[in-house]
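# Overview (structure and organization)
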Amino acid sequence: MKVDIEVIVSAYNSVDTINKCIDSLLAQEGKFSYRITIINDGSTDDTLTALKRYQGNDLVTVYSKTNGGLSDARNYGMKIMQADYVVFVDSDDFVEKDFLQCLYSQYENSKCDLAICGYQKEDADGEVRFVGIGQKEVISSRKALDQIFVSTGFEGYAWNKLFKTSIIKDNNLSFIYDSTIEDMYFACEYLLHCNMVSFDPKVVYHYVVHSNSIVNSKKFGSKYDPKSLKNLDTYQKLQKLIPQEYVEVHKSLNAHLCWFANSQLRIIMLASNKNEIPSSIVEQLKNISKKYRNDFMNNHILPKRDKIIYLMNNYCPSLLAFIWKKLKLRGNGF
């Protein structure tokens, strides 16, 4: 049966968090119909056992597949979705009872092609690490593309956005593989088919950072994994995807790429295996950081804190690594 909103939840070894996530989605209030589609992505723990709680619930459907990663699970969900709108929720997270209403009402109140809500990042114990900022507004897709690369606003996440399924299907959009910024590429590709975008900064989505998450595994002297550099390929695809006449958008994208390279250099300096990292990788990252330095430093939206970190990482990398590890500093929500 067709509904207004399809909520696609990708789950992999989420036994400790999946019930809180789904329960928060079942508590949604508002004048709309919705369905929760859970894609069990080859979990090897008791995730499926935990999901038995929802047997017989007409709002919940569970599909199981072999493990293929987050992008593959989401793409699987999009192939079977039957709704006017779709939102993607991570199984580690949870939402407020007006999460869907906050997004859905924006379509009702404006002629937008994408609705975005506010969010916060927090530890598993509830300690808030970061809250996205911004003002309630309806903007052009071009302006949204520019702002999506700023590390303090709504950014390029998939989970704080309600997409039109017609735009996704008409343009054969899907999530790319082998990247940790697959959300950003999908959002940017989607925006190129939009006119107007609505944003309500009300915090209704809780992004939870767990102690064993990929994010935390990269901090404070852990082993560096060069697989992170696969994101460079995605950045190159983004540079080709975005029209060249979008000059300001490209400057913001360059600033984001500069920050990525700079952050990778900082992680390498902190890594327990930093002496094993090929000098060619370090040199490549330094060249990228230098190439797009002006676009990063001249970006008027990025916080001064990021720019200070960038300068220290360039001129006093060892000192910054020492301070970062000593004070257990964290980046945007991490």
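Predicted model only: the values in this text are computed from it and were never measured.

Before going further, it helps to spend a moment on the packing of helix 10 (residues 247-270) against helix 11 (residues 279-291). The contact between helix 10 and helix 11 brings their axes to 8 Å, and the two run at 145°. Pair helix 10 / helix 11 crosses with left-handed handedness. Only Ile 281, Val 282, Leu 285, Lys 286, Ile 288 and Ser 289 of helix 11 make contact with helix 10, whose side of the interface consists of Leu 257, Cys 258, Ala 261, Asn 262, Gln 264, Leu 265 and Ile 268. Tallied by class, residues from the contact of helix 10 with helix 11 come to 9 nonpolar, 3 polar and 1 charged.

Turning to the pattern of salt bridges, a few remarks are in order. Going through the model one piece at a time under the given rule, you end up with 13 salt bridges. Where Lys 65 meets Asp 72, a salt bridge forms, and the shortest distance between an N and an O atom there is 2.6 Å. According to the relative accessible area criterion, Asp 72 is partly exposed, its value standing at 21%. Here the salt bridges share partners, and the residues they tie into one network are Asp 41, Lys 65 and Asp 72.

For the rest of this paragraph, the subject is the packing of aromatic side chains. Within this structure, the stated rule accounts for 22 aromatic pairs. Relative to Tyr 107, the ring of Tyr 85 has its centre 4.4 Å away and its plane inclined at 40°; by these criteria the two rings are tilted. Taken together, the residues span a long stretch of sequence, with Tyr 85 in strand 4 (residues 83-90) and Tyr 107 in helix 4 (residues 99-109) at a distance of 22 residues. Both residues of the pair, Tyr 85 and Tyr 107, count as buried.

Another point: the state of the cysteines. Inspection of every chain in the model, using the stated rule, returns 0 disulfides. Not part of a disulfide, Cys 112 finds its nearest cysteine sulfur in Cys 194, a span of 8.7 Å. Owing to a relative accessible area of 3%, Cys 112 belongs among the buried residues under this scheme. Here Cys 117 stays free of any disulfide, with the sulfur of Cys 102 as its closest cysteine sulfur at 5.5 Å. Judged by relative accessible area, Cys 117 falls into the buried class, the value being 0%.

With respect to the secondary-structure elements, Glu 276 resides in the loop between helix 10 and helix 11. Assessed through its relative accessible area of 59%, Glu 276 is described here as exposed.

Counting residues in hydrophobic clusters, the biggest one holds 101 residues, and the most contacted among them are Ile 5, Val 7, Val 9, Ile 22, Leu 25 and Phe 99. The dominant element in this core, judged by the number of residues it contributes, is helix 10, at 11 residues. In contact with Phe 99, not counting residues within four places along its chain, are Leu 25, Gln 28, Val 87, Val 89, Cys 117, Trp 159, Val 204 and Tyr 205.

The next point concerns the packing of helix 7 (residues 182-191) against helix 9 (residues 231-241). Close contact between helix 7 and helix 9 brings their axes to 10 Å; oriented N to C, the two are set at 5°. It follows that helix 7 is roughly parallel to helix 9 by the angle criterion. Two secondary-structure elements touch here, helix 7 through Met 184, Tyr 185, Cys 188 and Glu 189 and helix 9 through Thr 234, Lys 237, Leu 238 and Leu 241. Class assignment for the residues of the contact of helix 7 with helix 9 results in 5 nonpolar, 1 polar and 2 charged.

Summarising burial for strand 4: 7 of the 8 residues are buried, a large majority. Pairing of strand 1 (residues 3-11) with strand 4, which is carried by 7 bridges, proceeds in the parallel orientation. From the neighbouring strand, Ile 8 faces strand 4, where its bridge partner is Phe 88. As paired strands, strand 4 and strand 9 (residues 161-164) are joined by 2 bridges and run antiparallel to one another. Residue pairing in the sheet places Tyr 85 in a bridge with Lys 164 of strand 9.

Our next topic: the pairing of strand 6 (residues 114-123). The element strand 6 is extensively covered by neighbouring structure, given that 10 of its 10 residues are classed as buried. The sheet contact formed by strand 6 and strand 9 spans 3 bridges and is antiparallel. Along strand 9, the bridge assignment pairs Leu 114 with Phe 163. In terms of strand pairing, strand 6 meets strand 10 (residues 196-209) through 10 bridges, oriented parallel. From the neighbouring strand, Leu 114 faces strand 10, where its bridge partner is Val 197. Where strand 6 meets strand 7 (residues 128-131), 3 bridges bridge the pair, whose relative direction is antiparallel. Bridged to Lys 121 within strand 7 is Phe 130. In sequence, strand 6 turns back onto strand 7 through a hairpin of 4 residues, with Gly 126 there showing a positive phi of about 95°.

Conventions we followed
Residue numbers restart at each chain and count upward from 1, following the sequence in its written direction. With pLDDT at 70 or above as the cut-off, local features in this predicted model cover only qualifying residues; side-chain atom pairs require 80 or more to be listed or tallied, and sums for whole chains, interfaces and linings still use all residues. Side-chain numbers come from the whole structure's heavy atoms, not from hydrogens or water. Helix axes use the C-alpha atoms of the stretch in contact, all axes being lines fitted to C-alpha atoms, and the angles between their N-to-C directions lie in the range 0 to 180 degrees. Think of it this way: any DSSP run of H or I at least four residues long counts as a helix, any run of E at least two long counts as a strand, and we number them from the N terminus. Crossing handedness: left-handed means the near helix sits turned counterclockwise from the far one by under a right angle, and right-handed means the same turn made clockwise. Contact criterion: two residues are considered in contact whenever any of their non-hydrogen atoms come within 4.5 Å of each other. Any residue outside Ala, Val, Leu, Ile, Met, Phe, Trp, Tyr, Cys, Pro, Asp, Glu, Lys and Arg is labelled polar, Gly included; the first ten of those are nonpolar and the last four are charged. What counts as a salt bridge is simple: a side-chain nitrogen of Lys or Arg found within 4 Å of a carboxyl oxygen of Asp or Glu. Buried, partly exposed and exposed residues are distinguished by accessible area as a fraction of the type maximum, computed with a 1.4 Å probe on protein chains only: under 20%, between the cut-offs, and over 50%, respectively. A pair of aromatic rings is counted whenever rings of Phe, Tyr or Trp (Trp by its six-membered ring) have centres within 6.5 Å, and the orientation is called stacked for planes under 30 degrees apart, edge-to-face for over 60 and tilted otherwise. Only a pair of cysteine sulfur atoms within 2.5 Å qualifies as a disulfide here. We define the nonpolar core as a collection of buried residues of types Ala, Val, Leu, Ile, Met, Phe, Trp, Tyr and Cys that are connected through side-chain atoms lying within 4.5 Å of one another. Each angle is binned into one of four classes, with values under 35 degrees roughly parallel, values over 145 roughly antiparallel, values of 65 to 115 roughly perpendicular, and all other values oblique. DSSP calls a pair of strands paired once it identifies at least 2 bridges connecting them.

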